[in-house]
Amino acid sequence: MGFRTTASTDVGLARDTNEDSVYSETREDGDVALLAVADGMGGHRAGDVASEAAIEAFVEYVWTHDWEPTPENRQALLGSAARAANAHLREMAAENRELDGMGTTLVGAILEDGEAALVNVGDSRGYHAHGGGIDQVTTDQSLVQQLVEQGQIEPEEADDHPQKHVLSQALGTGDEVEPDTYHLPLDDVLLLCSDGLSDDVPDSEIHDAVAGSPSIDAAAENLVDLANERDGSDNVGVALGREL
């Protein structure tokens, strides 16, 4: 049946540089789609360079490698693509001192055969929006998430924790990276986003914005607008895909 995809990003209301990069594309007559969102680390040098370069390396790796259409193979491919993006950033930084210390999150997805495979490094997120609500598919790779999992803080304390944005992993900050991968049957809309959306808009309102939009193109723009209306202090990036 094929897929429809879209992506949108905005600098927000308070920053001069957009460190979010987004990507969406369908191939094979629309039967295979690839989505990605990267959020350059604002506390490091060249966050905008990092996010853009990571997306480019990730996308090139996926599209230049063949895979058998199984969940396991899609997840393995995405994990390898994320590692390739990390290696690319490390090489860039080694060749240019001005890029030393740059980093970025990355969340990406392959849509195929009515299914979605996802990969995540950092705290950008993947959501599955469907008729019954919205589910967060990915788990943040962050210090606060580790504290929640260890029982040191309650989940409801995570949103306001002073170390909320400390990542346990990011692309470009170390020679090795361990991406998390996921798989799910795709029922309705897959949404990838940076924390410029998820920090300021509750999951239920993200669902309502998607469900209430006449198309995923409109949904992408509505989500960006909603993030800016609520706060706007951060860049925001979204990528969406749905089966036709």
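Caption draft 1: Inspection of the pattern of salt bridges at higher detail. Here the structure, examined in full by the defined rule, presents 11 salt bridges. Residues R15 and D234 are paired through a salt bridge, measuring 3.3 Å at the closest nitrogen-oxygen approach. Note that R15 is positioned in the loop between strand 1 (3-10) and strand 2 (20-27) and D234 in the loop between helix 6 (216-230) and strand 10 (236-243), a separation of 219 residues in sequence. In this structure, D175 engages R90 in a salt bridge whose closest nitrogen and oxygen atoms are separated by 2.9 Å. Taken as a pair, D175 in the loop between helix 3 (143-149) and strand 8 (180-185) and R90 in helix 2 (residues 71-95) lie far apart in primary sequence, 85 residues in all. It is possible to trace a salt-bridge network through shared partners that takes in R74, E112, D113 and E115.

Caption draft 2: The arrangement of the packing of helix 5 (residues 203-211) against helix 6 in detail. It is at 9 Å that the axes of helix 5 and helix 6 come closest, and there the two elements cross at 140°. The chirality of how helix 5 crosses helix 6 is right-handed. Judged by residue contacts, E205, I206, A209 and V210 of helix 5 engage A219, L223, L226 and R230 from helix 6. Partitioning the contact of helix 5 with helix 6 into residue classes produces 6 nonpolar, no polar and 2 charged.

Reading the values: rules and limits
Numbers given to residues run from 1 along each chain, matching the order in which its sequence is written. Local features are withheld for residues below a pLDDT of 70 in this predicted model, meaning they are given only at 70 or higher, and side-chain atom pairs are given and counted only at 80 or more; totals for whole chains, interfaces and linings count all residues. As a rule here, side-chain values cover all heavy atoms of the structure and leave hydrogens and water aside. Whenever Lys or Arg places a side-chain nitrogen within 4 Å of a carboxyl oxygen from Asp or Glu, that contact is recorded as a salt bridge. Secondary structure elements follow DSSP: runs of H or I of four or more residues count as helices, runs of E of two or more count as strands, with numbering from the N terminus. The convention used is that axes are lines fitted to C-alpha atoms, helices contributing only their stretch in contact, and that angles between N-to-C directions extend from 0 to 180 degrees. In this scheme, a crossing is called left-handed if the near helix is turned counterclockwise away from the far one by less than a right angle; it is called right-handed if the turn is clockwise. Pairs of residues are marked as contacts when any of their non-hydrogen atoms sit within 4.5 Å. Just so you know the grouping, Ala, Val, Leu, Ile, Met, Phe, Trp, Tyr, Cys and Pro go in nonpolar, Asp, Glu, Lys and Arg go in charged, and all remaining residues, Gly too, go in polar.

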